[in-house]
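# Structural description and commentary
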Amino acid sequence: MTTLGEVAAAANARLQGCDATTVITGVAPLNGAESGQISFLTHPRYRPFLAHTQAAAVILSPEDAAYCPVPALVATNPHVAYARAAALFVPTTRSHGGIHPTAWVDPSAQVAASAWIGPQCTVEAGAVVGEGVCVGPNCVIGEQTVVGAETRLVAQVTLCHRVHIGRRVLVHPGAVIGSDGFGLALGPDGRWVKVPQLGGVWVGDDVEIGANTTIDRGALEDTVIEEGVKLDNQIQIAHNVRVGAHSALAGCVGIAGSARIGRHCMLGGGVGVAGHLEIADRVQVTGMSLVARSIAEPGAYSSGLAVEPNRLWNKISARLRRLDELFRRVAALEKISKNGSI
Amino acid sequence: MTTLGEVAAAANARLQGCDATTVITGVAPLNGAESGQISFLTHPRYRPFLAHTQAAAVILSPEDAAYCPVPALVATNPHVAYARAAALFVPTTRSHGGIHPTAWVDPSAQVAASAWIGPQCTVEAGAVVGEGVCVGPNCVIGEQTVVGAETRLVAQVTLCHRVHIGRRVLVHPGAVIGSDGFGLALGPDGRWVKVPQLGGVWVGDDVEIGANTTIDRGALEDTVIEEGVKLDNQIQIAHNVRVGAHSALAGCVGIAGSARIGRHCMLGGGVGVAGHLEIADRVQVTGMSLVARSIAEPGAYSSGLAVEPNRLWNKISARLRRLDELFRRVAALEKISKNGSI
Amino acid sequence: MTTLGEVAAAANARLQGCDATTVITGVAPLNGAESGQISFLTHPRYRPFLAHTQAAAVILSPEDAAYCPVPALVATNPHVAYARAAALFVPTTRSHGGIHPTAWVDPSAQVAASAWIGPQCTVEAGAVVGEGVCVGPNCVIGEQTVVGAETRLVAQVTLCHRVHIGRRVLVHPGAVIGSDGFGLALGPDGRWVKVPQLGGVWVGDDVEIGANTTIDRGALEDTVIEEGVKLDNQIQIAHNVRVGAHSALAGCVGIAGSARIGRHCMLGGGVGVAGHLEIADRVQVTGMSLVARSIAEPGAYSSGLAVEPNRLWNKISARLRRLDELFRRVAALEKISKNGSI
């Protein structure tokens with residue numbers, strides 16, 4: 001049973017007009033909350049719902065607190081406060097250790113007593129699974145791979161051989177870490193010769209890796225995901241990429257080989273980054289843009305084009321092909337006008 | 001043994017010049033069909049092959065029927081008729097119920113007697129698997145998840161906890177349904193705080209979900225895929241998205257959080273949709289386009305650019321960067337010309 | 001224990017100033033190599049590191065050999081030579097045959113005595129697994145599917161029913177081969193009718209398939225990946241596509257139905273190819289480009305746009321929408337100037 005006082009403590013929020021002993025059963029949106037549930041106001045979009053909310057209490061900013069018709073949990077950063085409060089209501093995943101009878105763990109693997117290995121898992125020779133690790137069903141942990149304490153592999157995760165995973169890392173289903181990089185040498189006969197991928201993958205602490213995201217191992221040195229990086233679903237990270245600490249990459253981003261992403265960067269959905277380039281710290285790239293050269297300055301960058309009605313777009317793209325010609329035509333007109341003949 | 005009469009009945013087609021008792025062994029393209037196989041003409045592209053086909057019978061439109069040298073199965077919509085006829089020749093997947101000895105089913109899970117749980121599967125606590133469900137090898141069904149009658153998970157599918165799957169849903173290998181949404185709050189120290197994803201996923205009846213497609217659970221309320229939606233492979237659906245009934249999304253589409261797609265929409269391959277926007281019913285978006293604003297009117301929309309020879313494209317894209325300047329130069333010329341000085 | 005002589009033989013390189021009996025323990029970059037390790041110089045980018053390398057020997061070109069301060073392994077194609085040499089240092093994956101006790105193999109499947117079936121695998125009825133095949137943990141091999149000799153499925157691979165995999169094929173984790181193509185017929189009521197996918201997938205010899213890549217089965221005839229093709233991660237290949245021999249596709253490429261890619265083609269990351277078109281041999285397409293029409297001539301093609309600072313880009317894309325108007329305005333000015341009135 002969670003009380004409002006406990007919620008306030010977790011959220012590090014100030015109680016306003018609250019009875020700290022009120023029992024809270026869960027969280028809900030402003031317009032859906034019932035008595036016993038807390039709610040939150042973290043975006044102006046939802047301010048209209050504040051006046052009529054039925055929530056037991058609302059997490060909001062000092063500015064909004066004045067207009068709160070119900071008890072308030074006041075926080076300077078309501079979004080963070082909400083995140084911490086909501087964590088109290090996450091269904092707890094199994095915490096006690098053990099190995100499920102259907103799992104297969106190689107005798108030479110080391111699994112901490114407090115770690116859980118779920119059904120149908122495979123843990124290969126020499127793997128090391130730390131204290132409090134939770135490995136969900138049907139995961140594979142490859143040879144010599146190390147999984148840091150309190151890390152969770154949700155289900156169907158594949159960690160290939162000789163991969164290092166930090167502490168408190170969360171890996172979602174279908175993610176693959178440590179697959180071979182795309183290393184090819186072109187033979188004289190036009191056939192590709194595979195370049196062995198002898199490096200590994202190093203994932204820092206507090207990283208989150210989305211469903212069906214892939215991170216290739218390095219050709220010789222490691223691919224590196226620094227601490228606190230957050231990767232959404234369906235992302236492709238090629239060999240020898242380095243993603244700087246606390247950067248967040250949205251779904252379907254693709255990073256080509258040996259690119260270096262700075263710290264505290266944000267890449268929008270579907271962004272592509274070419275190989276062997278460097279992106280500075282605190283760079284934001286909007287969705288579906290292509291980073292084809294290094295970026296030295298922090299700030300926002302874009303190259304995505306938004307849809308237009310099909311007929312208009314076809315006209316635009318046809319004209320675009322003749323853009324070079326248009327520049328020349330305008331230059332010609334300018335020449336005439338300068339010559340005074342016009 | 002299937003007869004032409006049975007094929008006609010399944011296809012709801014009119015027999016023309018056919019012996020209904022002819023035995024049909026399978027389907028094949030017009031130019032490849034042998035006696036005993038039926039074929040079809042659903043696209044003008046293949047009309048030239050009609051004259052010389054060896055098929056036992058051809059499914060086609062009343063217009064084309066006149067030119068059919070062999071028995072015909074005449075249908076107003078030959079494509080649909082073909083789809084129904086071909087279904088007779090799909091190799092039947094196992095229909096009788098049971099649980100494979102290598103599968104692990106939690107004692108508290110409810111599996112209907114007529115459902116099949118395949119090898120190496122995991123069915124977690126409180127899961128409910130309906131009548132006639134077929135769960136292929138190495139699938140995971142999470143806690144409290146409900147799978148509707150006659151649904152099929154082909155193989156290696158992951159349904160996370162508290163997901164609702166409707167009836168007659170088909171999910172292809174590697175698909176992940178119910179992974180955490182990408183919810184992050186930015187702390188004052190520049191570190192990300194995870195926003196717990198407390199919602200679920202609701203998938204309606206007759207939905208098809210492609211290989212390695214991912215559908216995230218909602219932050220508080222459910223992510224919703226309405227009835228009859230068809231999702232191709234490698235699609236990413238973020239948290240709290242709603243995809244309207246009978247919409248079809250091609251491969252590699254990415255939908256950002258809280259976007260609402262209308263009913264009967266069609267999104268081409270690689271299309272990206274930004275978050276918190278709405279797309280009306282019956283909107284088509286062509287491949288690799290970016291929907292960055294809401295679309296209120298039905299119709300076709302585009303922003304994809306087609307390839308040109310590399311040298312020409314480099315010239316165009318360099319000019320594009322100076323497009324704003326060009327507009328100003330043209331305005332200047334127009335000013336001069338208006339002033340009559342030219 | 002590997003000697004320099006053995007490395008030279010594997011690399012087909014000429015020893016210069018070397019003692020062939022020197023023992024080599026591994027490979028490393030020029031600036032990181034220690035005595036006992038070989039290194040390589042395959043890109044001018046790294047030439048500055050040559051002078052001070054501590055490597056036991058360096059694989060390089062005849063031109064660079066003159067400047068090599070340490071023993072050299074001289075090869076006309078150092079990249080290929082390096083690839084062959086490095087292969088000596090790949091940790092060997094299990095080579096002896098057998099079936100892991102936790103694997104499930106249908107009694108009607110044929111598994112060669114020298115093949116290995118790893119933990120938690122499923123091999124379904126009628127599957128045929130050739131000599132020396134290595135099937136890693138948690139893989140699924142579907143009914144009637146044939147896996148050629150010496151092929152390796154790393155882990156969590158899904159081969160659906162009736163798929164043909166050639167010899168020496170390497171398939172990385174999470175790849176799905178033989179899932180249903182996206183075949184839909186639109187019914188009169190606006191509901192989609194599934195078009196049964198009755199074809200298969202044919203994968204030639206020496207193909208490599210990346211992590212979480214998907215290859216759909218054909219509608220009637222097979223989807224075909226010809227010999228020597230290299231597919232990176234997260235690629236989507238739709239039904240009835242044909243990829244020509246020795247073509248290389250980078251991550252996140254998407255190929256729509258029935259497209260034909262030529263031989264020795266190279267597609268950059270995130271490239272999209274529309275359906276029912278043909279790309280000639282030896283075509284290169286740069287990253288994030290859209291191939292919307294057939295390409296008949298070899299060469300390089302592009303349509304990707306590189307990022308600009310956000311404010312500049314917003315201006316450019318706004319102007320782009322008025323490009324058609326600009327062409328008309330310029331034409332008007334030209335008319336005036338021709339009329340001599342200017």
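Analysis parameters
Residues numbered from 1 in each chain as written. Chains lettered and ligands numbered in written order. Predicted model: local features only at pLDDT ≥ 70, side-chain atom pairs only at ≥ 80, totals over all residues. Heavy atoms only, no water. Helix = DSSP H or I, 4+ residues; strand = E, 2+ residues; numbered from the N terminus. Rg over C-alpha atoms; globule rule 2.2 N^0.38 Å. Buried < 20%, exposed > 50% of the residue type's maximum accessible area, 1.4 Å probe, protein only. Areas by Shrake-Rupley, 256 points an atom, 1.4 Å probe, with all protein chains shown as cover. Pairing = 2+ DSSP bridges. Contact = heavy atoms within 4.5 Å. Least-squares fit on C-alpha atoms with pLDDT ≥ 70 in both. UniProt positions renumbered as here; feature names shortened; annotations may be inferred. Polar contact = N/O pair within 3.5 Å; in protein donor to acceptor, adjacent residues only side chain to side chain. Buried area = accessible area lost by both parts, 1.4 Å probe. Salt bridge = Lys/Arg side-chain N within 4 Å of Asp/Glu carboxyl O.

### Some words on the overall build of chain A
Scanning chain A for helices and strands turns up five helices and 39 strands. Here chain A has a C-alpha radius of gyration of 26 Å; the compact-globule value for 342 residues is 20 Å, and the former is much larger. With the principal axes as the frame, chain A shows a C-alpha extent of 90 × 60 × 35 Å. Counting the 342 residues in chain A, one finds 61% classified as buried. Accessible area of chain A: about 12,800 Å², with a carbon and sulfur share of 53%.

### As for the sheet that holds strand E24 (residues 201-203) of chain C
The eight strands lie next to each other as E10-E13-E16-E19-E24-E27-E30-E33 (chain C), forming an open sheet whose pairing is parallel. The sheet is open, and its two edges are formed by strand E10 (110-111) and strand E33 (260-261) of chain C, each paired on a single side.

### Here we look at helix H4 (residues 310-320) of chain C
Along H4(C), the residues classified as buried are C:Asn310, C:Trp313, C:Ile316, C:Ser317, C:Arg319 and C:Leu320. In this fold, the buried residues of H4(C) make contact with strand E38 (299-302) and helix H4 (310-320) of chain A, helix H4 (310-320) and helix H5 (323-338) of chain B together with strand E39 (308-309) and helix H5 (323-338) of chain C.

### Some points on the relation of the copies chain A and chain B
What relates the pair of chain copies is a rotation about an axis plus a shift along that axis. Superposing chain A onto chain B takes a rotation of 120° plus a shift of 0.0 Å along the axis, which leaves an RMSD of 0.0 Å. In symmetry terms, the pair is related by a three-fold rotation axis.

### Side note on the UniProt feature "active site" (unreviewed entry) in chain A
Residue and element names in this part refer to chain A. UniProt records the feature "active site" (unreviewed entry) for His239 in the present numbering. Here His239 shows up in the loop between strand E29 (236-237) and strand E30 (242-243). Once you skip the residues sitting within four places of it in the chain, His239 turns out to touch Gly181, Phe182, Gly183, Gln197, Asp216, Arg217, Gly218, Ala219, Thr223, Gly257 and Ser258. Here the side chain of His239 touches Gln197 through a polar contact of 2.7 Å, side chain to side chain.

### Quick notes on the interface of chain A and chain B
Contact with chain A, which involves 71 residues of that partner, is made by 79 residues of chain B. For the pair chain A and chain B, the summed buried area comes to about 5,800 Å², and 64% of that belongs to carbon and sulfur atoms. Here B:Arg329 and A:Glu334 are joined by a salt bridge, their closest N and O atoms 2.8 Å apart. At the surface where chain A touches chain B, the tally comes to 26 residue pairs in polar contact (both at pLDDT 80 or more). Going through the elements one at a time, helix H3 (78-86), strand E28 (230-231), strand E31 (248-249), strand E39 (308-309), H4 and helix H5 (323-338) of chain A are the ones with two or more residues in the side of chain A that touches chain B. For the side of chain A that touches chain B, the leading source of residues is H5(A), giving ten residues.

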